[in-house]
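Residues per chain are reported as follows:
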Amino acid sequence: MDVKILDEKNGKLVLKIEGIEPAFANVIRRTIMSDIPVMAVDFIDMEKNNSAFFDEALAHRIAMIPLKFPNTYNLREECSCDGKGCSNCEVVLVIDKKGPCVVKAGDLKTIDELVTPADPEIPITYLDEKQSLKLEATAILGFGTNHSKWQAAVVGYRMAPVIKVDADKVKNKKATADSCPKKVYDSGLKIVNKDACNLCMRCVEISQDGIKVSANPSSYIFTIESVCGLDNKTLINRGLDRIQEKAELFLKVAGKDL
Ligand code: SF4
Ligand SMILES: [Zn+2]
């Protein structure tokens, strides 16, 4: 398996993975999206809330705030506390605000300074004069398969293109090059940006068989955008570790070695 980073900007990571089967490409996508443990608020003890939002609406907004967290927490069900809840598997965040003000994600305070909202500017609610909000939220690790608040990322992929150009057969090279929405060719039909091709086949039609484009079923271009507090590269590493863990468990159950 060969991995190459093609682009990284605006929180999106584009990479090319070669030498994998279609089923494995899908395993990578699904694992990074929803099979990496991510921290999110799961329980809220609402002490005071006379804001314009109902308790339930506020709880939902707070649960969806992405949190940054260290790799030291346990899943509650795998923790030595037997799922009762302890400092190794849960973290308590507190809000105590009086209006007038906008309550933001950054107002969630906790004793573990490594657990923080990924964006402190996310608004939670507005408090008018004489309004106040006091609550205690408990965050735990969970999986996107159980609830979207634990979804780690949005991941998409497409097959990489295979492009063959017979320039002598193409009558109007410039018009053919200009027809490509992804600017894959220069004006002389030299391929300058192959991996941008989205297999739309426009150049194939216009060139009248001077160009052949097909999809490579063993090479994939992934776009990964984190929606949790972990960065894209951490998600890839944790995703691949998770696939290995599951493969080892599967073989152990089947009585075989990796
Ligand atoms: S298939 Fe579409 S995107 Fe790809 S090179 Fe041809 S025109 Fe461009
Ligand atoms: Zn515990």
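Refer to the structure presented above.
Residues numbered from 1 in each chain as written. Chains lettered and ligands numbered in written order. Predicted model: local features only at pLDDT ≥ 70, side-chain atom pairs only at ≥ 80, totals over all residues. Heavy atoms only, no water.

(A) Region of interest: the site of ligand 1. Taken together, the neighbourhood of ligand 1 is formed by C180, P181, V184, Y185, C197, N198, L199, C200, M201, R202 and C203. In a pocket analysis with a 2 Å cut-off to the grid points, ligand 1 is assigned to the largest cavity. Here the shell around ligand 1 is built from residues that sort into 9 nonpolar, 1 polar and 1 charged. (Near = heavy atom within 4 Å. 1 Å grid on protein atoms, 1.4 Å probe; cavity = no way out; pocket = protein on both sides within 12 Å on 5 of 7 lines; lining within 4 Å. Sits in = over half its atoms within 2 Å of the grid points. Nonpolar A, V, L, I, M, F, W, Y, C, P; charged D, E, K, R; others polar.)

(B) Broad picture of the coordination of the zinc ion (ligand 2). Taken together, the protein donors to the zinc ion (ligand 2) comprise C79 (SG), C81 (SG), C86 (SG) and C89 (SG), at separations of 2.3 Å. Bound by 4 donor atoms, the zinc ion (ligand 2) shows angles of 99 to 115° at the metal and therefore tetrahedral coordination geometry. You can call C81 buried: its relative accessible area is 13%. A relative accessible area of 22% places C86 in the partly exposed class. (Donors = N, O, S within 2.8 Å, 3.2 Å for Na, K, Ca; no water. Tetrahedral: all angles 85-135°; square planar, octahedral: opposite > 155°, others 65-115°. Buried < 20%, exposed > 50% of the residue type's maximum accessible area, 1.4 Å probe, protein only.)

(C) Expanded view of the environment of I5. On the secondary structure map, I5 appears in strand β1 (residues 2-9). For I5, a relative accessible area of 44% puts it in the partly exposed group. Beyond its immediate chain neighbours, meaning those up to four positions away, I5 contacts L13, V14, L15 and K233. (Helix = DSSP H or I, 4+ residues; strand = E, 2+ residues; numbered from the N terminus. Contact = heavy atoms within 4.5 Å.)

(D) The arrangement of a nonpolar patch on the surface in detail. On the surface, M1, V3 and L240 cluster together into a nonpolar patch covering about 270 Å² of accessible area. Within the fold, M1 resides in the segment before β1. Take M1: its relative accessible area is 54%, and that puts it in the exposed class. (Patch = residues over 30% accessible without salt bridge, like charges linked within 9 Å, V, L, I, M, F, W, Y side chains within 5 Å. Areas by Shrake-Rupley, 256 points an atom, 1.4 Å probe, with all protein chains shown as cover. Salt bridge = Lys/Arg side-chain N within 4 Å of Asp/Glu carboxyl O.)

Everything listed here is a matter of coordinates, which is why it stays silent on function.
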